[in-house]
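Remarks on the overall topology
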Amino acid sequence: TQAPTASPVPVTEEVTLTITAAGDCTLGGDTANGGYSRFQSAVRRNGYDYFLKNFRPLFESDDLTIVNLEGPLTTSGEKRANRTFNFKGDPANVAILSGSSVEICNVANNHALDFGKSGLTQTAEVLTDAGIGWSGYGKTHYALVKGVRVASLGFTEWDFETDVITAAVAEARRNSDLVIVSVHWG
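The residue count restarts for each chain, going from 1 along the sequence in the order it is written. Only residues with pLDDT of 70 or above have their local features reported here, since the model is predicted, and side-chain atom pairs are shown and tallied only from 80 upward, although totals for entire chains, interfaces and linings are computed over all residues. Computation of side-chain values covers all heavy atoms of the structure but excludes hydrogens and water.

Across its full length, the protein chain carries 5 helices and 9 strands. We count a stretch as a helix when DSSP gives it H or I for four or more residues in a row; a strand needs E for two or more, and each element gets its number in order from the N terminus. Listing each helix as α and each strand as β along the protein chain from the N terminus yields β-β-α-α-β-β-α-β-α-β-β-β-α-β. Computation of the radius of gyration draws on C-alpha atoms, with the globule rule given as 2.2 Å multiplied by the number of residues to the power 0.38. A globule of 186 residues ought to have a C-alpha radius of gyration of about 16 Å, and the protein chain, at 17 Å, matches this closely. Reported as C-alpha extents along the three principal axes, the dimensions of the protein chain are approximately 55 × 40 × 25 Å.

What follows is the structure in structure tokens.
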């Protein structure tokens, strides 16, 4: 997403944003040990609204909710080799997030590529189609929230060197009023 073109909030006007940040949201499970199947059974029994129902009032009352999406939402069969666990969720499970007022997902984590780049690409498409922004793996998400230009960046500890992260944050800072950096692990 490109940086919002609206002018920043005037210095004389005070704006308060309430931001909720949540950790790992695994909307599926490991495909080899049955975690994926068990999760989908729970979806069929309980519906999408079941999983975040206790958090929904908090997420709905804030201005911005950011979560870590721990694993791709994909139909890809391109399973990453030599992994103990390969997580994925059904793309329709995005309704768990969209129905609970989650606005942004950090997709940069140790399970994002469990089903290859095609799995990550499909996840990005699924999130975008559901109206949910995403950041990670070189993509910064920009949003305009109550007139404040917000930039969201996502990183994993092992995928980017410090200088790359520093440059990305500096770029986001030039194009926004508020920079939120989500780092998974470490």
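All right, on to the packing of aromatic side chains then. Planes of paired rings set the category: under 30 degrees apart is stacked, over 60 is edge-to-face and the rest tilted, where pairs are Phe, Tyr or Trp rings (Trp by its six-membered ring) whose centres lie within 6.5 Å. Throughout the structure, instances matching the rule amount to 5 aromatic pairs. Arranged with centres 4.7 Å apart and planes meeting at 25 degrees, the rings of phenylalanine 39 and phenylalanine 51 form a pair that is stacked. On the criterion of sequence distance, the pair formed by phenylalanine 39 in helix H1 (residues 35–46) and phenylalanine 51 in the loop between H1 and helix H2 (56–61) is long-range, its members being 12 residues apart. For each residue, the accessible area found with a 1.4 Å probe, counting protein chains only, is set against the maximum for its type, and the residue is called buried under 20%, exposed over 50%, and partly exposed in between. Accessibility expressed as a relative area gives 14% for phenylalanine 39, which makes it buried. A centroid spacing of 6.0 Å and a plane angle of 20 degrees characterise the contact between phenylalanine 55 and phenylalanine 59, whose relative ring orientation is stacked. The exposure class assigned to phenylalanine 55 is partly exposed, which follows from its relative accessible area of 45%. The class for phenylalanine 59 is buried, based on a relative accessible area of 3%. Three or more aromatic residues joined by ring pairs make a cluster, and in this case those are Phe39, Tyr50 and Phe51. Charge-over-ring placement is defined geometrically: NZ (Lys) or CZ (Arg) within 6 Å of the ring centre, and within 35 degrees of the ring normal. One Lys or Arg, lysine 88, reaches over the ring of tyrosine 36 and ends 5.9 Å from the middle of that ring. Sitting over the ring of tryptophan 134, lysine 139 keeps its end group 4.7 Å from the ring centre.

When DSSP finds at least two bridges between two strands, those strands are taken to pair. In this sheet, strand E9 (residues 178–184) lies alongside strand E8 (residues 148–156) in parallel orientation, the contact comprising 7 bridges. Looking at E9, one finds that phenylalanine 155 is bridged to valine 183. Regarding the hand of the β-α-β motif, the stretch spanning E8, helix H5 (residues 162–174) and E9 is right-handed. We call a crossover right-handed when, viewed with the strands running away from us, the connection from the first strand over the helix to the second turns clockwise.

Now for unusual backbone geometry. In the Ramachandran plot, tyrosine 137 falls in the positive-phi region, its phi being about 50 degrees despite a non-glycine side chain. Classification of tyrosine 137 as partly exposed rests on a relative accessible area of 24%. In this structure, lysine 146 is a non-glycine residue whose phi angle is positive, near 50 degrees. With respect to the helices and strands, lysine 146 occurs in the loop between strand E7 (141–145) and E8. Under the relative-accessibility criterion, lysine 146 is labelled partly exposed at 49%.

This part is about empty space enclosed by the protein. Computed over the protein atoms alone on a 1 Å grid, cavities are sets of points where a 1.4 Å probe fits but cannot get out and pockets are open sets with protein on both sides within 12 Å along at least five of seven lines; a residue lines them when it has an atom within 4 Å of a point. Grid points are joined across faces, edges and corners, and a volume is the space filled by probe spheres set on the points. Applying the stated criterion across every chain yields a total of 1 cavity of 30 Å³ or more. Its boundaries defined by the atoms lining it, the largest cavity holds a volume of some 30 Å³. Taken together, the residues that form the lining of the largest cavity break down as 4 nonpolar, 4 polar and 2 charged. Residue type decides the class: Asp, Glu, Lys and Arg count as charged, Ala, Val, Leu, Ile, Met, Phe, Trp, Tyr, Cys and Pro as nonpolar, and the leftover types, Gly among them, as polar.

Attention shifts here to H1. In this model H1 runs 16 Å from its N-terminal to its C-terminal C-alpha over 12 residues, within 8% of the 16 Å that 1.5 Å per residue would give. Looking at H1, one finds that the buried residues are Gly35, Phe39, Gln40, Ala42 and Val43. For H1, the angular spread of the buried residues around the axis is 155 degrees, confining them to a single face. Across from the buried face of H1, at angles greater than 90 degrees, the exposed residues are Arg38, Arg44 and Arg45. Residue contacts follow a heavy-atom distance rule, with two residues in contact if any of their heavy atoms lie within 4.5 Å. The inward-facing, buried residues of H1 contact strand E2 (29–30) and helix H3 (94–98). Positive backbone phi, at 85 degrees, marks glycine 47, one or two positions downstream of H1. To estimate the expected span of a helix, subtract one from its residue number and multiply by 1.5 Å. When we speak of the arc, we mean the arc of directions from the helix axis to the C-beta atoms.

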